[in-house]
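Fold and geometry: a report
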Amino acid sequence: MSPHLATAAAAYAILIAVAAGWRAVRPLREAGALGAPLLASCLVLELVLSGRAIAALLAVAGGARPAETTVWACYLVLSVALIPVGVRYAMGGDGGRADSLVLAVVALAAAVVTLRLQATWAE
Amino acid sequence: MMHRSAHRPLVAVYALFALAAGARGVVQTAVAPGAAPVAHALTLTAALIYLVAAIALHRASAPGRRCARAAMLIELGGVLMIGALTTAAPELLGDDTVWSGFGSGYGWIPLALPLVGLWALRRRREPAGETAGETGRRAPAAARRA
């Protein structure tokens, strides 16, 4: 697994968290829905994380082994599932500040999980 | 019923910590069973408390709020006690828990979380009419006029 891709994905997740956090604290211009750019960014992040997970599974199928297999597998599942579950939960609200904060929390968690996934592979 | 969306970020954080602590406890117990039973049991207990708080906050009812407050108080007591113990004697428990070093392994979020949660619960009071109905007290004049 490429450490550079992990760093880039984590940085992108942090950017999404900052954008979602900003949306939560700024005066709302529109109500009732989470911003489309924010949701599109989450979709892109999910695609990156899914691609990374598939590449990692292919590497394992090719004989590579993570340093901590059990912990790594937990992080792998979480890295793919976190964004869809979090976005779904955020979209279940009224689209207000609290739901933007939910997205910020989920994006930050995705950044941490991405870095931990890399660490448990390389340790 | 208090506004359901108000505590959604807290529900998300508590659910994440329930997952993180639960997975950590299960993996620790599975990889090294019996190596540090107290530490592993404490981590699993923390996971359970996080889960109870998440569910109670999600329900957003008066009993749910009371349950969440109780869980947060237990959580705060736990993180302070385990944090102090592990700071004074780092090898005491044999392994790290979620609350070791006041949650330093998790960016001190375990220490801040119950404080933020209790503050949020205190800040988000229920509408006066509902509270009065539950406690038997008279609602304020403004609420009665409404």
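Since the model is a prediction, treat every value here as computed from it, not as a measurement.

Regarding its fold elements, chain A presents four helices and zero strands. If you list the helices and strands of chain A from N to C, you get α-α-α-α. Expressed as a percentage of the 123 residues in chain A, the buried residues total 41%. Pairs at least 24 residues apart make up 82% of the contacts formed inside chain A by residues separated by at least 6 positions.

Let us look at the interface of chain B and chain A. As a measure of interface size, the accessible area lost when the parts come together is often cited. The interface of chain B with chain A comprises 12 residues on the first partner and 16 residues on the second. With both chains or domains summed, chain B and chain A bury close to 1000 Å², and 76% of this area falls on carbon and sulfur atoms. Taken together, chain B and chain A are joined by one salt bridge. In this assembly, chain B and chain A are joined by two residue pairs in polar contact (both at pLDDT 80 or more). Among the elements that take part in the side of chain B that touches chain A, helix H1 (residues 8-31) of chain B stands out by supplying eight residues, more than any other. When its residues are assigned to classes, the side of chain B that touches chain A shows eight nonpolar, three polar and one charged.

Before going further, it helps to examine unusual backbone geometry. All names here are of chain B. The residue Phe 102 is not glycine, and still its phi comes out positive at about 60°. Mapped onto the fold, Phe 102 is located in the loop between helix H3 (62-88) and helix H4 (109-123). The exposure class of Phe 102 is partly exposed, given its relative accessible area of 24%. Of note in the backbone geometry, Trp 108 takes a positive phi value of approximately 60° without being a glycine. Mapped onto the elements, Trp 108 comes out in the loop between H3 and H4.

To continue, consider the layout of surface pockets. If you add up the space inside the second largest pocket, you get close to 330 Å³. Lining the second largest pocket are 18 residues, with Leu 82 and Val 85 of chain A together with Ala 12, Ala 15 and Leu 16 of chain B sitting closest to its centre. At the level of elements, helix H3 (69-91) and helix H4 (97-122) of chain A together with H1 and helix H2 (37-59) of chain B are the ones that each hand at least two residues to the lining of the second largest pocket. Considered class by class, the residues forming the lining of the second largest pocket number 16 nonpolar, two polar and no charged.

Turning next to the side chain of Thr 43 of chain B. Of note, Thr 43 of chain B is situated in helix H2. Dropping the residues within four chain positions of it, Thr 43 of chain B is found in contact with Ala 21, Arg 24, Gly 25, Gln 28, Asp 96, Thr 97 and Val 98 of chain B.

Glancing now at the packing of H3 of chain B against H4 of chain B. Residue and element names in this part refer to chain B. Across the interface, H3 lies against H4 with an axial gap of 9 Å and an inter-helix angle of 150°. On the basis of the axis angle, H3 is roughly antiparallel to H4. For the element pair H3 and H4, the recorded crossing hand is left-handed. Note on element contacts: H4 touches H3 through Pro 110, Leu 111, Leu 113, Pro 114, Leu 115, Gly 117, Leu 118 and Leu 121, opposite Arg 65, Ala 68, Arg 69, Met 72, Leu 73, Glu 75, Leu 76, Val 79 and Leu 80.

Residue and element names in this part refer to chain A. Interhelical geometry of helix H1 (residues 3-25) versus helix H2 (residues 36-61) gives an angle of 160° and a closest axis separation of 10 Å. Between H1 and H2, the angle falls in the class roughly antiparallel. The element H1 and its partner H2 pack so that their crossing is left-handed. Contacts between H1 and H2 involve Leu 5, Ala 6, Ala 9, Tyr 12, Ala 13, Ile 16, Ala 19, Ala 20 and Arg 23 from the former and Leu 38, Ser 41, Cys 42, Val 44, Leu 45, Val 48, Leu 49 and Arg 52 from the latter. By residue class, the composition of the contact of H1 with H2 is 14 nonpolar, one polar and two charged.

All names here are of chain A. Here H1 contains 23 residues, and its C-alpha end-to-end distance of 33 Å stays within 8% of the 33 Å for a straight helix at 1.5 Å per residue. Restricting attention to buried positions, one finds in H1 the residues Ala 6, Ala 9, Ala 10, Ala 13, Ile 16, Ala 17, Ala 20, Gly 21, Arg 23 and Ala 24. Looking at the buried side of H1, the elements it contacts are H2 and H4.

Let's shift gears to the confidence of the model for chain B. Residue and element names in this part refer to chain B. Considering every residue of chain B, the mean pLDDT works out to 84; 81% of them sit at 70 or more. In this model residues 128-146 is a low-confidence stretch, pLDDT under 50, and it forms 14 contacts with partners more than four residues away in sequence or in other chains. For this predicted complex, the interface confidence comes out at an ipTM of 0.85, alongside a pTM of 0.84.

Rules behind the numbers
- Residues numbered from 1 in each chain as written.
- Chains lettered and ligands numbered in written order.
- Predicted model: local features only at pLDDT ≥ 70, side-chain atom pairs only at ≥ 80, totals over all residues.
- Heavy atoms only, no water.
- Helix = DSSP H or I, 4+ residues; strand = E, 2+ residues; numbered from the N terminus.
- Buried < 20%, exposed > 50% of the residue type's maximum accessible area, 1.4 Å probe, protein only.
- Contact = heavy atoms within 4.5 Å.
- Buried area = accessible area lost by both parts, 1.4 Å probe.
- Salt bridge = Lys/Arg side-chain N within 4 Å of Asp/Glu carboxyl O.
- Polar contact = N/O pair within 3.5 Å; in protein donor to acceptor, adjacent residues only side chain to side chain.
- Nonpolar A, V, L, I, M, F, W, Y, C, P; charged D, E, K, R; others polar.
- 1 Å grid on protein atoms, 1.4 Å probe; cavity = no way out; pocket = protein on both sides within 12 Å on 5 of 7 lines; lining within 4 Å.
- Points joined across faces, edges and corners; volume = space filled by probe spheres on them.
- Axes fitted to C-alpha atoms, helices over the stretch in contact; angles between N-to-C directions.
- Parallel < 35°, antiparallel > 145°, perpendicular 65-115°, else oblique.
- Left-handed = near helix turned anticlockwise from the far one by under 90°.
- Expected span 1.5 Å × (residues − 1).
- pLDDT = per-residue confidence, 0-100.

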